[in-house]
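One letter stands for each residue in the lines below.
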2 protein chains.
Amino acid sequence: MTKLTIQQIADIAGVNKATVSRVLNGNMNVSQKTQEKVEKVIREHNYVPNTIARGLAFNKTFTMGFCHDYTDKRAFANPFFYKMLQGIENVVYRNDYLFLMMSHPTGQQKKSMFERMVSEQRVDGIILPSTLLNDSSFQLLTANRMPFVVLGEKEFAHRNVHWVDVDNVQAAESLTERLIGLGHRRIWIFADRASIERDKFIQDRIAGYSNVMAGHGLPSFVVSRLESLLTKESGINDNSLLPDAVICCTHDQLFSILDEEKKEGSPAEFELATFDDNPLFQYLSKTVHYISIDLEQMGEQAATLLFKKINQEEDIPDMIRIPTS
Amino acid sequence: MTKLTIQQIADIAGVNKATVSRVLNGNMNVSQKTQEKVEKVIREHNYVPNTIARGLAFNKTFTMGFCHDYTDKRAFANPFFYKMLQGIENVVYRNDYLFLMMSHPTGQQKKSMFERMVSEQRVDGIILPSTLLNDSSFQLLTANRMPFVVLGEKEFAHRNVHWVDVDNVQAAESLTERLIGLGHRRIWIFADRASIERDKFIQDRIAGYSNVMAGHGLPSFVVSRLESLLTKESGINDNSLLPDAVICCTHDQLFSILDEEKKEGSPAEFELATFDDNPLFQYLSKTVHYISIDLEQMGEQAATLLFKKINQEEDIPDMIRIPTS
DNA sequence: GTGAAAGCGCTAACAC
DNA sequence: GTGTTAGCGCTTTCAC
């Protein structure tokens, strides 16, 4: 049994292939009787139309792509990343599209799958993480008139680029409120100096933290040196001068504190908090407070936005912020 | 600048589109002069042929797919998984194919992307993990004459299925040799009862371990209860009756031992060993010996095998075993 | 060596 | 309501 074509179905049903096409596409100009007859044949023969040919006729692929860089292991290690993919798929489904993933490894001489997919027009639109948006990928996308949506922090400034990102200010606010609610008063925030200047999301997190601290009449402390957090090296013995809780802006920082504690042998006397969950947390001796981000919603928003671009709708928001909980 | 077609290139170059096609496909029936002229136009206009149309003419997609189940987070959490994808891409490249990934989540009512990709013939072949091969996926693949290769342990017995797997016997042998080389003599192997009976890869690992132990005149101990490994509950105080090294057949078991040690507060006095690396290992207080598997090679082998099937070559091996180091 | 024309499987504009 | 035909962008006979 070789793959059936629309012509064969038409022959079996004793109609023209155009009629079969009409049935397939829910065109109303078909009599009840013919429709049922054709549907019966389709069902009995398990006929599935060839989307390649369909795409050629429509000049569409009915496919949405997601691009990742698998040299960036962090994303994949995060199980919530899959929640986001799930969110995208939900929306892709509703639009009867296919969803596929492709790679765009950094630092390769040959064309990445991303570059090929875009230049060969194998997808109607692409979702990509902000880490992959740079001059060259932007050029490629626009030169090929490929609609795209970016996930993550907005580093690459350009008009006509659409973003979906987490609301980091709000996230930091909620997290700080939570720690205060737990009775903490000497809450510090830990971020490295370079990223404070460079990364918008770090600045947002610090801003959210400061807002809440100020609102409660508490002082803010932004520290960027690991040593200042640890009793021994700071030489401070008076615990009241040290934090009772530390918010780490990134997971790397959180782990650096834990590593240091392990080396010193004695756990510092403060609680830890950070953004987003991590599968490692359950294996740690210390409890880590974190604020979780609804990545499924983030995926859904990104896909919805991309469909709007694909369908050339008006009034597309430049940026969507996902709240946290 | 809208997307160029072969016809436009032909017009610009002042030749027939068939000639352009011949140039694109390296057909030799083109004069040196014409060829250079056409190539120049192609280069100057950055023309990339539409693979969808190309595929329609060839009745091929020039695309290889990889299917995963993102409800199974283990695979993705393992950074070496990407080494495998890299291996696949290497081979896919050499064959001038595209490579894409799709999902096949378990327990969904609607058709998965995998099911759609297969039934709509969007790929020429598929690589899938053994966890996803079952009666229904097998049916679908064969009904659509879709070539496929399975990665991982051979659970689903069926003629005409091709597998690429790790050589678990050899892996266990190397690991055991290593531990003996480190001076260990009372080496035990830990595997849960159900999987000893059910899983071929566990049986292979135990076999490899037993071979080497026997070869050194040492006794083999296969244990499947956690308690028998831990001093306190076994009530044994004589350390010489307990192991000095334990090989865990799975990472789950390794972590169950670590959890138990943490609860008891005192680390057991034996070393741990297992198969395959894990990003968590560096965060553990205890050193874990492991044997690493060349997943890049595994990916390459799988893709090579799949191309052989796609090209309907003869003499395709049913199964390829990847050695470990 | 090159061009003209048919065809891959499908959709859509136009007849009837 | 249904059939006919042209065409999506490409490859591939088959002429010349």
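Here the residue numbers are simple positions, counted from 1 along each chain's written sequence. Chain A is the first chain written and ligand 1 is the first ligand written, with later ones labelled in order. Confidence filtering applies because this is a predicted model: local features only for residues at pLDDT of at least 70, side-chain atom pairs given and counted only at 80 or more, and all residues used for totals across whole chains, interfaces and linings. To obtain the side-chain values, all non-hydrogen atoms of the structure were included, while hydrogens and water were left out.

Looking at an unreviewed UniProt entry, one finds chain A named LacI family transcriptional regulator, with Cohnella faecalis as its source organism.

Here we come to the sheet that holds strand β10 (residues 288-291) of chain A. Residues and elements named next belong to chain A. In space, the five strands of this open sheet follow the order β7-β6-β8-β9-β10, with parallel pairing throughout. Edge strands, defined here as strands with exactly one partner in the open sheet, are β7 (221-223) and β10. When strand polarity is set aside, the average angle formed by the axes of neighbouring strands in this sheet is 25 degrees. Sheet contacts for helix α11 (residues 200-215): β6 (187-190), β7, β8 (245-248) and β9 (271-275); angle to β6, the most-contacted strand, approximately 170 degrees. Two strands qualify as a pair provided DSSP detects at least 2 bridges between them. Put simply, DSSP marks the helices as runs of H or I at least four residues long and the strands as runs of E at least two long, and each gets a number from the N terminus on. Fitting a line to C-alpha atoms yields each axis, with helices limited to the stretch in contact; the angle taken between N-to-C directions then spans 0 to 180 degrees. Residue contacts are defined here by distance: any two heavy atoms, one from each residue, within 4.5 Å place the two residues in contact.

Quick look at the relation of the copies chain A and chain B now. Only residues with pLDDT of at least 70 in both copies count here: their C-alpha atoms drive the least-squares fit that superposes the copies. Superposing chain A onto chain B takes a rotation of 180 degrees combined with a translation of 0.0 Å along the rotation axis, leaving an RMSD of 0.1 Å. The superposition of one copy onto the other is thereby described by a two-fold rotation axis. Both copies present the same face, since 100% of the interface residues in chain A are matched by interface residues at the equivalent positions in chain B.

A few words on the pattern of salt bridges. All names here are of chain A. A pair is scored as a salt bridge if a Lys or Arg side-chain nitrogen falls within 4 Å of a carboxyl oxygen belonging to Asp or Glu. Within this structure, the stated rule accounts for ten salt bridges over all chains. Note that glutamate 296 and lysine 83 form a salt bridge whose closest N and O atoms lie 3.4 Å from each other. Of this pair, glutamate 296 sits in helix α14 (residues 295-310) while lysine 83 sits in helix α6 (residues 80-94), placing them 213 residues apart in sequence. Only protein chains enter the calculation, and the probe is 1.4 Å; a residue is then buried if its accessible area is under 20% of its type maximum, exposed if over 50%, and partly exposed in between. By relative accessible area, which is 22% here, glutamate 296 ends up partly exposed. Notably, a salt bridge pairs lysine 200 with aspartate 204, separated by 3.1 Å at the nearest N-O pair. You can see lysine 200 and its partner aspartate 204 sitting in helix α11, four residues apart, about one turn around the helix.

With that settled, the discussion passes to the interface of chain A and chain B. Each side of the interface is counted separately: chain A has 50 residues, and chain B has 50 residues. In this description, buried area is defined as the sum, over both parts, of the accessible area (probe of 1.4 Å) that is lost when the two are combined. Around 5,000 Å² of area is buried between chain A and chain B when both sides are counted, 59% of it from carbon and sulfur atoms. Taken as a group, Tyr70, Tyr93 and Arg122 of chain A account for 14% of the area that chain A buries against chain B, more than any other trio of residues on that side. Here a polar contact is taken to be a pair of N or O atoms separated by no more than 3.5 Å, where protein atoms must pair a possible hydrogen donor with a possible acceptor and residues adjacent in sequence count only if both atoms sit in side chains. Remark: the boundary between chain A and chain B carries 19 residue pairs in polar contact (both at pLDDT 80 or more). Residue contributions to the side of chain A that touches chain B peak at seven residues, all from α6 of chain A.

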